[in-house]
Amino acid sequence: MEKPICPKCDHVKTVKSGVVGGRQRFKCKKCGYHFTVNKLGKSIDKYYVIKALQLYIEGVSYREIERILGVSHVSVMNWVKQYKIKAPESNDYRPTYRVLNHTELVKFMAIKENLLDTGMLITELGDKFMIIKWERFKNR
């Protein structure tokens, strides 16, 4: 393992200085700063982070996002906090969504009734497509 660079002064001369919480501690020879190396955790592809935040903004609940993307709803909540995303305003409508492959999407778009009187968003979801519809534009 390479000796890390001091995060305070960027000096390369560091020495081992014990173990804290199961992680190796180091000391900078130049400034005397003690530090530990950040542990490498499991990270989720940014694609899923962006899709989860898009779905949240569109009004899809945390649990529904979890079911759609296969990412923990707690992770989605943490991303919303981290990126300071504002919750969508509470409205009297809920979006509905469908996940389709390419041929199903073409068939869906060919039916004129599916395109009338609604707001609709189509987004890529891996190798499939997701259609989010809002019924608020329909005449009541």
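Residues numbered from 1 in each chain as written. Predicted model: local features only at pLDDT ≥ 70, side-chain atom pairs only at ≥ 80, totals over all residues. Heavy atoms only, no water.

Chemist: Even after reading the chapter, I still don't get the side chain of Thr123, so can you show me in this structure?
Modeler: Looking at where Thr123 falls in the secondary structure, it is placed in strand S5 (residues 119–125). Note on Thr123: relative accessible area 13%, which makes it buried. Within polar-contact distance, the side chain of Thr123 engages the side chain of Lys51 at 2.4 Å. Sequence-distant contacts of Thr123, that is, excluding residues within four places in its chain, are made with Lys51, Gln54, Lys128, Phe129 and Met130. (Helix = DSSP H or I, 4+ residues; strand = E, 2+ residues; numbered from the N terminus. Buried < 20%, exposed > 50% of the residue type's maximum accessible area, 1.4 Å probe, protein only. Polar contact = N/O pair within 3.5 Å; in protein donor to acceptor, adjacent residues only side chain to side chain. Contact = heavy atoms within 4.5 Å.)

Chemist: Hey, could you run me through the UniProt feature "domain: Insertion element IS150 protein InsJ-like helix-turn-helix" (unreviewed entry) in the protein chain in this one?
Modeler: Under the UniProt annotation, "domain: Insertion element IS150 protein InsJ-like helix-turn-helix" (unreviewed entry) lies at residues 50–85. Along residues 50–85 one finds 72% helix and 0% strand; the C-alpha atoms at either end are 12 Å apart. (UniProt positions renumbered as here; feature names shortened; annotations may be inferred.)

Chemist: Would you take a moment to explain the packing of helix H1 (residues 46–57) against helix H2 (residues 62–69) for this structure?
Modeler: Each pair of packed helices can be summarised by the angle the axes make with each other and by the distance between the axes. Where H1 contacts H2, the axes come no closer than 10 Å and their chain directions differ by 140°. Comparing the axis directions of H1 and H2 gives the class oblique. Both H1 and H2 take part in a crossing whose hand is right-handed. Facing H1, whose interface residues are Tyr48, Lys51, Ala52, Leu55 and Tyr56, H2 presents Tyr62, Ile65, Ile68 and Leu69. (Axes fitted to C-alpha atoms, helices over the stretch in contact; angles between N-to-C directions. Parallel < 35°, antiparallel > 145°, perpendicular 65-115°, else oblique. Left-handed = near helix turned anticlockwise from the far one by under 90°.)

Chemist: Hey, could you run me through helix H3 (residues 73–82) in this one?
Modeler: Residues that lie three or four places apart on an α-helix share one face, since the helix turns once every 3.6 residues. Regarding H3, the residues found buried are His73, Val76, Trp79 and Val80. In an axial view of H3, the angular spread of the buried residues amounts to 115°, which keeps them on one side of the axis. Exposed and facing more than 90 degrees away from the buried side of H3 are Lys81 and Gln82. Those residues of H3 that are buried lie in contact with H1 and H2. Backbone nitrogen of Val74 and a side-chain oxygen of the N-cap are separated by 3.1 Å at the start of H3; the cap is Ser72. One or two positions beyond H3, positive phi appears at Lys84, with a value near 55°. (Arc of directions from axis to C-beta.)

Chemist: Sorry, what's going on with the environment of Pro4 here?
Modeler: Topologically, Pro4 is positioned in the segment before strand S1 (14–20). Since its relative accessible area comes to 16%, Pro4 is described here as buried. Once the C-alpha coordinates of Pro4 and Thr36 are considered, the two residues, 32 residues apart in sequence, prove to be 9.1 Å apart.

Chemist: What exactly am I supposed to notice about the nonpolar core here?
Modeler: Most often, soluble globular proteins keep nonpolar side chains buried together rather than apart. Residues Leu55, Ile65, Ile68, Leu69 and Trp79 are the most contacted members of the largest nonpolar core, which totals 17 residues. Broken down by secondary-structure element, the contributors of at least two residues to this core are H1, H2, H3 and strand S6 (128–134). A total of five residues in this core trace back to one element, the largest contributor, which is H1. Once residues lying within four places of it in the same chain are set aside, the contact partners of Leu69 are Tyr48, Lys51, Ala52, Leu55 and Leu125. (Core = buried A, V, L, I, M, F, W, Y, C linked by side-chain atoms within 4.5 Å.)

Chemist: It is not clear to me how a positive patch on the surface should be interpreted in this structure. Could you clarify?
Modeler: A cluster of basic residues, Lys3, Lys13, Lys16, Lys27 and Lys29, forms a positive patch at the surface. Topologically, Lys13 is positioned in the segment before S1. (Patch = residues over 30% accessible without salt bridge, like charges linked within 9 Å, V, L, I, M, F, W, Y side chains within 5 Å. Areas by Shrake-Rupley, 256 points an atom, 1.4 Å probe, with all protein chains shown as cover. Salt bridge = Lys/Arg side-chain N within 4 Å of Asp/Glu carboxyl O. Lys, Arg positive; Asp, Glu negative; His and termini not counted. Charge placed at Lys NZ, Arg CZ, Asp CG, Glu CD.)

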